[in-house]
Amino acid sequence: MIHFKSVIIYLVVFSLSILLLHFSQCILYGHQKIKGVSGCNRKMLGYLCLGLSIAIPCFLAALRSMNVGYDVKAYIEPNFVLSSGLTDKGFIYFFENMPKETELGFSLLLYIGNMLGSVGISLFLIQLLIIIPVYIVLNKYRYCLSVTLGMVTFYFLCYNFSLCGMRGSIAMSLLLLDFYYLQHRNYKIAIPLFLFAALFHNSAVLLMGLYCFILAVLNSKYSRLWGGIFAICIFILFLIADKLLFILVGIAGLVSGRYAYYLTEYIGYGAAENVPLTDFLCKSVLMALITLWLIKTKKFNKQYQYFFWFVLVGRVFVLFNSVFYEAMRIAFYFDLFLILYAASIFCCFKRTISNRYAAATLIVLPSFSYWIYFIMYIGGYQTNIYTFR
């Protein structure tokens with residue numbers, strides 16, 4: 001059953017955020033004239049609208065009850081209910097004695113909330129660290145995509161997951177931003193940003209290696225050859241993953257004992273029914289629509305091909321869930337590239353109001369279908385019923 005009150009709450013927040021974001025983009029980067037506002041005041045108004053557009057969904061995350069999102073019960077509640085007095089001796093003592101162990105960066109966010117006596121502050125900061133990198137990377141690519149449409153896609157495909165998988169979502173957003181700096185070979189920012197992401201989820205270490213490898217393949221003179229070899233290796237891994245278990249466990253163990261456990265526990269125990277069909281179909285249809293339209297309009301340039309290949313790798317890892325139950329953790333990192341890829345559809349249309357509506361409808365429909373069915377009807381990530389704290 002769909003909880004209509006929750007649907008309305010989410011849609012109102014998404015709509016307000018998107019309207020304010022669009023208005024801020026028009027003011028800061030467009031030629032939108034506002035009567036009586038100019039110069040410095042214009043910029044201040046633009047940044048105010050931008051700040052509100054980011055703050056509103058963060059407040060929604062901060063005001064939710066402990067029942068919204070699986071990981072809230074697992075990581076947030078224990079570290080607030082059972083950690084009384086731990087903040088008195090400083091952060092290091094808090095980190096070493098937390099009832100539920102987490103990564104250093106995430107522990108710091110919980111420590112701040114504990115120290116100030118408000119779980120809402122921690123939840124707000126967590127969501128802020130998820131949304132800001134997404135906005136920044138969209139803004140970096142604004143010359144070739146629509147920032148507003150990218151954020152719409154984020155809200156329908158990723159926002160509810162971020163209320164549950166908070167640690168991973170921070171790492172994912174930071175690595176998405178890191179992709180921009182890696183692509184532009186700005187390693188002075190890319191390396192510290194990667195290390196910062198790893199402070200929130202250990203999986204960032206494994207995924208960074210994959211990002212770098214895929215970028216190296218795409219930038220190579222022999223990209224087709226290396227791409228073919230990579231595809232063959234992925235296919236072989238799919239077939240014999242359980243037989244390579246001891247090697248994979250050894251590699252994962254270097255990063256985190258937890259991931260070595262996941263591999264030992266879940267690899268070889270997957271089944272076809274473990275592939276989330278709604279996720280696979282909706283996001284695959286979205287990817288196909290964008291790709292076909294880009295090719296049809298002869299806009300499928302190198303930049304969009306980068307987005308395409310990263311999204312495609314994510315779709316492959318969704319299928320891996322049939323042989324390794326935790327493969328979706330990897331797929332989520334690559335799914336975030338759908339935000340960039342979906343937003344690129346605007347380059348295929350002439351800048352008229354009717355064309356903009358057509359582009360938005362083409363992209364939003366699969367995303368909304370995924371959100372309304374999988375999140376709000378099926379109850380994905382236990383965020384379909386929103387209750388205030």
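Just so you know, these numbers come straight off a predicted model, no measurement behind them.

Looking at the overall build of the protein chain
When helices and strands are tallied, the protein chain shows 19 helices and zero strands. Expressed as a percentage of its 389 residues, the buried residues of the protein chain come to 51%. Expressed as a percentage of contacts within the protein chain between residues at least 6 apart in sequence, the contacts between residues at least 24 apart total 73%.

A look at unusual backbone geometry
Of note in this structure, Tyr-381 is not a glycine but carries a positive phi near 65°. Here Tyr-381 shows up in the segment after helix H19 (353–375). Phi at Gln-382 takes a positive value of approximately 55°, unusual for a residue other than glycine. With respect to the helices and strands, the residue Gln-382 is situated in the segment after H19.

Description of the packing of helix H16 (residues 302–319) against helix H17 (residues 328–335)
How two helices sit against one another is set out by the angle between their axes and by the gap between those axes. At a closest axis distance of 8 Å, the pairing of H16 and H17 adopts a crossing angle of 160°. When the axis of H16 is compared with that of H17, the two are roughly antiparallel. Handedness of the H16/H17 crossing: left-handed. Packed against H16, whose contacting residues are Phe-310, Val-311, Val-313, Gly-314, Arg-315, Phe-317 and Val-318, the element H17 presents Met-328, Ile-330, Ala-331, Phe-334 and Asp-335 at the interface.

Some words on the packing of aromatic side chains
Applying the stated rule across the entire model yields 42 aromatic pairs. Between Tyr-211 and Phe-310, the aromatic rings sit 5.5 Å apart at their centres with planes inclined by 85°, giving edge-to-face as the arrangement. With Tyr-211 in helix H11 (residues 203–219) and Phe-310 in helix H16, the pair connects residues that are 99 residues apart, well separated along the chain. Given a relative accessible area of 0%, Phe-310 falls into the buried group. Taken together, the ring pairs connect Tyr-141, Tyr-143, Phe-179, Tyr-180, Tyr-181, Tyr-211, Tyr-304, Phe-307, Phe-310, Phe-317, Phe-334 and Phe-337 into an aromatic cluster. Here the guanidinium or amino end of Lys-100 rests over the ring plane of Tyr-75, the centre of that ring lying 5.6 Å away.

Some points on the pattern of salt bridges
Inspection of the entire model under this criterion finds six salt bridges. Between Lys-283 and Asp-279 there is a salt bridge; the shortest N-O distance is 2.9 Å. Remark: Asp-279 and Lys-283 occur in helix H15 (residues 277–296); sequence separation between them is four residues, near one turn of the helix. Asp-279 shares its class with Lys-283; the two are buried. In this structure, Arg-315 and Asp-335 form a salt bridge, with 2.8 Å as the shortest nitrogen-oxygen distance. Pair noted here: Arg-315 is in helix H16 and Asp-335 is in helix H17, with a separation of 20 residues, a long-range link. Among the residues examined, Arg-315 registers a relative accessible area of 3% and is labelled buried. With a relative accessible area of 3%, Asp-335 lands in the buried category.

Description of the confidence of the model for the protein chain
Summing up the model confidence of the protein chain, the mean pLDDT is 83 and the portion of residues at 70 or higher is 80%. Here helix H13 (residues 245–255) is the element of the protein chain with the lowest mean pLDDT, 53, and helix H7 (residues 119–140) is the one with the highest, 96.

Describing the nonpolar core
Formed by 119 residues in total, the largest nonpolar core has its most connected members in Tyr-10, Ile-76 and Phe-154. Among the elements that line this core, the one with the most residues is helix H9 (residues 166–183), at 12 residues. Those residues within four positions of Ile-76 in sequence are excluded, and the remaining contacts are Met-66, Asp-71, Phe-106, Leu-110, Val-119, Leu-123, Ile-126 and Met-166.

Quick notes on the environment of Ile-170
Among the structural elements, Ile-170 can be located in helix H9. Ile-170 gets classed as buried once you look at its relative accessible area, which sits at 0%. Not counting the four nearest positions on each side in its chain, Ile-170 is found in contact with Phe-106, Leu-109, Ile-126, Leu-129, Ile-130 and Phe-200.

Observations concerning a nonpolar patch on the surface
Together, Ile-8, Val-12 and Leu-16 give the surface a local cluster of nonpolar side chains, amounting to about 260 Å² of exposed area. Within the secondary structure, Leu-16 is located in helix H1 (residues 4–29). Accessibility expressed as a relative area gives 43% for Leu-16, which makes it partly exposed.

A word on the packing of H11 against H17
Two elements in contact, H11 and H17, have axes whose closest approach is 11 Å; the angle formed by their N-to-C orientations is 55°. Relative to H17, the element H11 lies oblique. The element H11 and its partner H17 pack so that their crossing is right-handed. Packed against H11, whose contacting residues are Ser-203, Ala-204, Leu-207, Leu-210, Tyr-211 and Ile-214, the element H17 presents Ile-330, Tyr-333 and Phe-334 at the interface. Class assignment for the residues of the contact of H11 with H17 results in eight nonpolar, one polar and no charged.

Some words on the environment of Arg-389
Of note, Arg-389 is situated in the segment after H19. Along the chain, Arg-389 and Met-66 lie 323 residues apart, while their C-alpha atoms are 7.1 Å from each other. With sequence-adjacent residues up to four places away left out, Arg-389 is seen in contact with Ala-62, Leu-63, Arg-64, Ser-65, Met-66, Val-119, Gly-120 and Leu-123.

Basis of the calculations
- Position labels on residues start from 1 in each chain and follow its written sequence.
- pLDDT decides what is reported in this predicted model: residues at 70 or higher carry local features, side-chain atom pairs at 80 or more are listed and counted, and totals for whole chains, interfaces and linings draw on all residues regardless.
- Side-chain numbers here rest on the full set of heavy atoms in the structure, without hydrogens or water.
- Helix and strand definitions here come from DSSP, where helices need a minimum of 4 consecutive H or I residues and strands a minimum of 2 consecutive E residues; each element is numbered from the N-terminal end.
- Exposed residues in this analysis have more than 50% of their type's maximum accessible area, buried residues have under 20%, and partly exposed residues fall in between, with area computed by a 1.4 Å probe over protein chains only.
- The criterion used for residue contact is that any of the two residues' heavy atoms lie within 4.5 Å.
- Geometry is summarised by axes, namely lines fitted to C-alpha atoms with helices restricted to the contacting stretch, and by angles between N-to-C directions that run from 0 to 180 degrees.
- In what follows, roughly perpendicular refers to angles from 65 to 115 degrees, roughly parallel to angles under 35, roughly antiparallel to angles over 145, and oblique to any angle outside these ranges.
- The handedness criterion is simple: a crossing whose near helix is rotated anticlockwise from the far helix by less than a right angle is left-handed, and one whose near helix is rotated clockwise is right-handed.
- Only rings of Phe, Tyr and Trp enter the pairing, Trp through its six-membered ring, and a pair is recorded when the two centres are within 6.5 Å. The plane angle decides the type: under 30 degrees is stacked, over 60 is edge-to-face, the rest tilted.
- The criterion for a charge sitting over a ring is simple: Lys NZ or Arg CZ within 6 Å of the ring centre, and within 35 degrees of the ring normal.
- A pairing counts as a salt bridge when a side-chain nitrogen of Lys or Arg comes within 4 Å of a carboxyl oxygen of Asp or Glu.
- Confidence scores per residue from the predictor, reported as pLDDT, run from 0 to 100.
- Only buried Ala, Val, Leu, Ile, Met, Phe, Trp, Tyr and Cys residues count toward a nonpolar core, and they belong to the same one when joined by side-chain atoms within 4.5 Å.
- Each patch is built from residues that are more than 30% exposed by relative accessible area and take part in no salt bridge. Like charges join if they lie within 9 Å; nonpolar side chains (Val, Leu, Ile, Met, Phe, Trp, Tyr) join within 5 Å.
- Surface accessibility in these figures is a Shrake-Rupley result with a 1.4 Å probe; residues are shielded only by whichever protein chains are displayed.
- All amino acids are sorted into three groups, where Ala, Val, Leu, Ile, Met, Phe, Trp, Tyr, Cys and Pro are nonpolar, Asp, Glu, Lys and Arg are charged, and the leftover types, Gly among them, are polar.

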